[in-house]
Amino acid sequence: PPLHHTAPTKSSHPETMADFAAAPEGDTAKGTVHTPENTSHSLAGASYFVVSKTRFVKRHTSNSPPLSRASLSTGAKIFKTKCAQCHVTEMAHKQGPGLKGLFGRVSGTTEGFAYSAANKNKGVNWGEETLYDYLLNPKKYIPGTKMVFAGLKKPQDRADLIAYLKESTANA
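Because the structure is a prediction, the values reported are computed rather than measured. (Residues numbered from 1 in each chain as written. Predicted model: local features only at pLDDT ≥ 70, side-chain atom pairs only at ≥ 80, totals over all residues. Heavy atoms only, no water.)

Draft legend 1. A look at the nonpolar core. In this structure, Phe79, Trp126, Leu135, Leu161 and Leu165 are the most contacted members of the largest nonpolar core, which totals 22 residues. Put simply, the parts of the chain that give this core at least two residues each are helix 2 (72–83), helix 4 (128–134) and helix 6 (155–168). If near-sequence neighbours (up to four positions away) are discounted, leucine 165 is found in contact with Phe79, Leu99, Leu102, Phe103 and Ala170. (Core = buried A, V, L, I, M, F, W, Y, C linked by side-chain atoms within 4.5 Å. Buried < 20%, exposed > 50% of the residue type's maximum accessible area, 1.4 Å probe, protein only. Helix = DSSP H or I, 4+ residues; strand = E, 2+ residues; numbered from the N terminus. Contact = heavy atoms within 4.5 Å.)

Written out as structure tokens, the structure is:
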């Protein structure tokens, strides 16, 4: 398995990875991680996002965002309060790139926007799963990005925003 651990800890101090697998989504464990940072893996029946060599976060256990219960209206509110200062859902650029056609696009490739080398070189194909991981902590997911957004820690907030973006940025 890609994740190895020594005494993972979190608020309830699980004794094993199986205990961590039973913990709520979003919980953090600490231990020794022998896998690249900013990658996702499955172990003990749950999915994990590796934040650093000593910290990983439990993701939604189906290995995808919880979009089945996502709210478009809540996603629109999150976009307005957290994203709209720098982004629009059209192709026009603000401080950040326009998001029209976001799903299926590769990071750092929107014409007319000056991306960081880190964003260009990461080569992320944007989809529900990659956005779900990215929106947790953009600076950890793409070290060196110019994006100053701290991220959305709540899994449901990320799912709501993704549902909104999927509808509002689709190419007609």
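Draft legend 2. Just the side chain of threonine 145, in detail. You can see threonine 145 is positioned in the loop between helix 5 (138–141) and helix 6. Within the structure, threonine 145 has its side chain in polar contact with the backbone nitrogen of methionine 147 (distance 3.3 Å). Residues within four places of threonine 145 in sequence aside, it is in contact with Ser116, Ala118, Asn119, Tyr134, Pro138 and Lys139. (Polar contact = N/O pair within 3.5 Å; in protein donor to acceptor, adjacent residues only side chain to side chain.)

Draft legend 3. View of the packing of helix 2 against helix 6. Contact geometry for helix 2 and helix 6: axes closest at 7 Å, N-to-C directions at 95 degrees. Relative to helix 6, helix 2 is oriented roughly perpendicular. Along its contact with helix 2, which presents Leu72, Thr74, Gly75, Ala76, Ile78, Phe79 and Cys83, the element helix 6 presents Asp157, Asp160, Leu161, Ala163, Tyr164, Leu165 and Glu167. A per-class count over the contact of helix 2 with helix 6 returns 9 nonpolar, 2 polar and 3 charged. (Axes fitted to C-alpha atoms, helices over the stretch in contact; angles between N-to-C directions. Parallel < 35°, antiparallel > 145°, perpendicular 65-115°, else oblique. Nonpolar A, V, L, I, M, F, W, Y, C, P; charged D, E, K, R; others polar.)

None of the figures reported here should be taken as evidence of function without further support.
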